[in-house]
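# Working through the structure, step by step
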Amino acid sequence: DEVLSKDGTITKVYNVRSGHFSDSHTLYTFEDGTVVDETHPHRFYNVEQGFWQRLQLWEIGEHALRENGEEVALKSVEHIPEQAEMFGIWTDSGMYFANGLLSGAAFCNKELLKEASAEQAVDMMLSADEDWLLQLMGIEGELP
């Protein structure tokens with residue numbers, strides 16, 4: 001499989017995960033009608049924050065980026081208490097467009113972290129997963 005990357009090039013998908021189920025899911029609706037149906041935390045580029053942030057940490061009115069560079073605001077969030085299949089993809093760059101919006105893995109923030117304010121760095125860390133935090137801290141294994 002191939003997907004569109006941030007720079008407009010096509011990038012190969014090297015891993016797909018499906019077949020797992022979540023007890024609930026959340027619908028994130030943007031002002032242009034785009035809906036992201038999320039079963040597991042995913043990061044999208046948050047224009048106001050300046051980094052890839054888990055959607056669950058977004059505020060209504062914050063903007064995502066479309067393929068054409070257009071910014072679209074988050075309009076509503078609806079939690080659905082019903083089971084849904086989980087799905088994820090991995091690319092070499094970690095960045096791709098999902099439902100037309102720029103999505104990315106936690107490691108996409110690594111370069112941005114160097115120039116981040118203290119507040120942005122804390123927000124990035126809240127949006128990071130444990131494996132990425134351990135890698136940034138130079139720790140192997142699991143946190144106690």
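Note that the structure is a prediction, hence the values are computed from the model and not measured.

A separate point is the overall build of the chain. Scanning the chain for helices and strands turns up three helices and eleven strands. Helices and strands appear in the chain in the N-to-C order β-β-β-β-β-β-β-β-β-β-β-α-α-α. A burial count over the chain gives 39% of its 144 residues as buried. Counting only contacts in the chain whose residues sit at least 6 apart along the sequence, the fraction spanning at least 24 positions is 57%. For the chain, the exposed surface amounts to about 8500 Å²; the carbon and sulfur share of it is 49%.

In this model, the chain carries an average pLDDT of 80, and 72% of its residues clear a pLDDT of 70 or more. When mean pLDDT is compared element by element in the chain, strand β8 (residues 71-80) scores highest at 97, while helix α3 (residues 130-137) scores lowest at 59.

With that settled, the discussion passes to the pairing of strand β4 (residues 35-38). Of the two faces of β4, the one holding Val-36 and Glu-38 is buried and the one holding Val-35 and Asp-37 is not buried anywhere. Of the strand pairs in this sheet, strand β3 (residues 25-30) and β4 are connected by four bridges, and their pairing is antiparallel. Across the sheet, Thr-29 pairs through a bridge with Val-35, a residue of β4. Taken together, β3 and the strand that follows it, β4, pair antiparallel across an intervening segment of four residues, in which Gly-33 is found at a positive phi of about 95°.

The final tally for this structure, using the stated rule, is two aromatic pairs. Ring geometry for Phe-30 and Trp-58: centres 6.0 Å apart, planes at 85°, overall edge-to-face. Of the two residues, Phe-30 is situated in strand β3 and Trp-58 in the loop between β6 (51-54) and β7 (63-65); the sequence distance between them amounts to 28 residues. Residue classification places Phe-30 among the buried positions, given a relative accessible area of 1%. Classification of Trp-58 as buried rests on a relative accessible area of 7%.

This next bit is on the layout of surface pockets. Volume-wise, the second largest pocket comes out at about 310 Å³. Lining the second largest pocket are 17 residues, and of these Asp-37, His-42, Phe-87, Ala-98 and Asn-99 sit closest to its centre. For the lining of the second largest pocket, the secondary-structure elements that each account for two or more residues are β4, β9 (84-91) and β10 (95-98). Of all the elements, β9 adds the most residues to the lining of the second largest pocket, at five residues. Of the residues in the lining of the second largest pocket, the class split is nine nonpolar, five polar and three charged.

On the surface, Glu-31, Glu-48, Glu-70 and Glu-71 cluster together to form a negatively charged patch. Position of Glu-70 relative to the elements: it lies in the loop between β7 and β8.

Glancing now at the pairing of β8. Here β3 pairs with β8 via six bridges, running antiparallel. Considered in β8, the bridge of Thr-29 is made with Ser-76. Two elements, β7 and β8, share three bridges in a ladder whose sense is antiparallel. Of the residues in β8, the one forming a bridge with Leu-65 is Glu-71. Where β7 hands over to β8, the hairpin turn is made up of five residues, of which Gly-69 adopts a positive phi near 90°.

Calculation notes
Each chain has its residues counted from 1, following the order in which its sequence is written. Only residues with pLDDT of at least 70 get local features here, since the model is predicted, and only at 80 or more are side-chain atom pairs given and counted; chain-wide, interface and lining totals rely on the full set of residues. Hydrogens and waters are ignored; side-chain quantities use all the structure's heavy atoms. By the criteria applied, helices consist of DSSP H or I runs no shorter than four residues and strands consist of E runs no shorter than two, each listed in order from the N terminus. Burial classes follow relative accessibility: with a 1.4 Å probe on protein chains only, a residue under 20% of its type's maximum area counts as buried, one over 50% as exposed, and anything between as partly exposed. Should any heavy atoms of two residues lie within 4.5 Å, those residues are counted as being in contact. To be clear on the numbers: accessible area is Shrake-Rupley with a 1.4 Å probe, and residue cover counts the displayed protein chains and nothing else. Per residue, pLDDT captures the predictor's confidence, and it can take any value from 0 to 100. Strand pairing is assigned whenever DSSP identifies at least 2 bridges connecting the two strands. Each Phe, Tyr or Trp ring, with Trp reduced to its six-membered ring, pairs with another whose centre is within 6.5 Å; inter-plane angles below 30 degrees give stacked pairs, above 60 give edge-to-face pairs, and intermediate values give tilted ones. Note on definitions: the grid is 1 Å and covers protein atoms alone; a cavity is a set of points where a 1.4 Å probe fits but cannot get out; a pocket is an open set with protein on both sides within 12 Å along at least five of seven lines; lining residues have an atom within 4 Å of a point. Grid points are joined across faces, edges and corners, and a volume is the space filled by probe spheres set on the points. Note on residue classes: Ala, Val, Leu, Ile, Met, Phe, Trp, Tyr, Cys and Pro are nonpolar, Asp, Glu, Lys and Arg are charged, and everything else, Gly too, is polar. Only residues whose relative accessible area exceeds 30% and that take part in no salt bridge are eligible for patches, with like-charged residues grouped when within 9 Å of each other and nonpolar side chains (Val, Leu, Ile, Met, Phe, Trp, Tyr) grouped when within 5 Å. The rule for a salt bridge is simple: a side-chain nitrogen of Lys or Arg has to be within 4 Å of a carboxyl oxygen of Asp or Glu. By the counting rule applied here, Lys and Arg register as positive and Asp and Glu as negative, while His and the ends of each chain are not counted. The atom standing in for a charge is NZ when the residue is Lys, CZ when it is Arg, CG when it is Asp and CD when it is Glu.

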